[in-house]
Amino acid sequence: AIVNVRVKELLGTLGIGKFKGKIKLLLVDKPKLDAEAKRIHAGGNLKGLTLTKFRTVTKGNTSNTTFEHRIMVLFGLPHVECEAVLAHEYMHIWLNERFIEESPNVVEGFCNLGSAALLKTETSKLSSILMNNMLNNPSPVYGEGYRQMAKRLTKMGWPRLLADMSAKGKLK
C-alpha cells in the first residue's frame, strides 16, 4: 500500500494523476501474468500488465464513460523495481482513460518515462542498474521507444508533453 501511495504521489507531481476509474492492484505469479498477457496477445518478459474495461452511456446529448482497471504486478520484485513497474502501469491507465492510441514504441516509451521518473528519485544501486537497463534496452518498443520519448520530454517538459499526448486522445 505504501508503494502504491508513493508512486501515485510522484506521478501526481508530474501531472499524471486523478484517475477516473476504479483501480484494482494485484500481485500475481509469473504463470498468471503470462496467461493474462497471452490472452490479450501481449508478450515478452513482462513484470506488469494493465487491463482496462470501459463503458460509455449516452443519454440525449451527454455521454458518460466509466473505467475499471486491473494492474497486475509480478509478486516478489524488489521494492524499487515494484515501484518502477507500478509507475509504468499507471502511465498506461493515464493513456487508456484518454483513449490515446499510438504506436507500441510511443506507448511503451511514454510509460517508461513514469518508471524513469520514479527511479531518478531513488539512490540505490538497483535503481541505477534498472535505469541503465532502460537506457540500453535493445528492444525497438521498450528501449528505442523510451529513448525517443525521453528526448521529447527533455525538449518539451512534462506539461507540454502531456498536452501533446492528450491532444491525440479521443476523450477530452
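Everything below is about the structure shown above.
Overview of the structure. (Residues numbered from 1 in each chain as written. Predicted model: local features only at pLDDT ≥ 70, side-chain atom pairs only at ≥ 80, totals over all residues. Heavy atoms only, no water.)

1. Digging into the packing of aromatic side chains
For step 1, the next point in the chain: Applying the stated criterion across every chain, the model contains five aromatic pairs.
For step 2, the next point in the chain: A ring pair is formed by Phe 54 and Phe 67, whose centres lie 6.4 Å apart and whose planes are at 40°; its orientation type is tilted. Of the two residues, Phe 54 sits in strand β2 (residues 48–59) while Phe 67 sits in strand β3 (residues 62–74), which places them 13 residues apart along the sequence.
For step 3, the next point in the chain: A centroid spacing of 4.6 Å and a plane angle of 80° characterise the contact between Phe 54 and Phe 99, whose relative ring orientation is edge-to-face. Note that Phe 54 is positioned in strand β2 and Phe 99 in the loop between α3 (79–96) and α4 (104–119), a separation of 45 residues in sequence.
For step 4, the next point in the chain: What makes Phe 54 partly exposed here is its relative accessible area of 48%.
For step 5, the next point in the chain: A relative accessible area of 16% places Phe 99 in the buried class.
For step 6, the next point in the chain: Through a chain of ring-to-ring contacts, three or more aromatic side chains come together here, namely Phe 54, Phe 67 and Phe 99. (Phe/Tyr/Trp six-rings, centres within 6.5 Å; stacked < 30°, edge-to-face > 60°. Helix = DSSP H or I, 4+ residues; strand = E, 2+ residues; numbered from the N terminus. Buried < 20%, exposed > 50% of the residue type's maximum accessible area, 1.4 Å probe, protein only.)

2. So, the sheet that holds β3
For step 1, the next point in the chain: Taken together, the three strands give an open sheet; going across it, the order is β1-β3-β2, and neighbouring strands pair in mixed fashion. Each edge of the open sheet carries a strand with a single partner, namely β1 (22–28) and β2. The sheet shows a mean angle of 15° between the axes of neighbouring strands, taken without regard to direction.
For step 2, the next point in the chain: As defined by bridge partners, β1 adjoins β3 across seven bridges and the pair is classed as parallel. The residue of β3 that forms the bridge with Lys 22 is Glu 68.
For step 3, the next point in the chain: Each of β1, β2 and β3 is contacted by α3, which is oriented at about 160° to β3, the strand it contacts most. (Pairing = 2+ DSSP bridges. Axes fitted to C-alpha atoms, helices over the stretch in contact; angles between N-to-C directions. Contact = heavy atoms within 4.5 Å.)

3. A few points about unusual backbone geometry
For step 1, the next point in the chain: In the Ramachandran plot, His 41 falls in the positive-phi region, its phi being about 65° despite a non-glycine side chain.
For step 2, the next point in the chain: Mapped onto the elements of the fold, His 41 is located in the loop between α2 (30–39) and β2.
For step 3, the next point in the chain: Of note in this structure, Phe 99 is not a glycine but carries a positive phi near 50°.

4. Some remarks on the environment of Thr 66
For step 1, the next point in the chain: Its location among the elements puts Thr 66 in strand β3.
For step 2, the next point in the chain: Under the relative-accessibility criterion, Thr 66 is labelled partly exposed at 43%.
For step 3, the next point in the chain: Here the alpha-carbon distance between Thr 66 and Leu 126, two residues 60 residues apart in the chain, equals 38 Å.
For step 4, the next point in the chain: For Thr 66, the contacting residues outside a window of four places in its chain are Lys 53, Phe 54 and Arg 55.

5. Concerning the environment of Tyr 90
For step 1, the next point in the chain: Tracing the sequence through the fold places Tyr 90 in helix α3.
For step 2, the next point in the chain: Take Tyr 90: its relative accessible area is 1%, and that puts it in the buried class.
For step 3, the next point in the chain: In this structure the C-alpha to C-alpha distance between Tyr 90 and Glu 102, which are 12 residues apart in sequence, comes to 17 Å.
For step 4, the next point in the chain: Of the polar contacts made by the side chain of Tyr 90, one reaches the side chain of Asn 4; its length is 2.4 Å. (Polar contact = N/O pair within 3.5 Å; in protein donor to acceptor, adjacent residues only side chain to side chain.)

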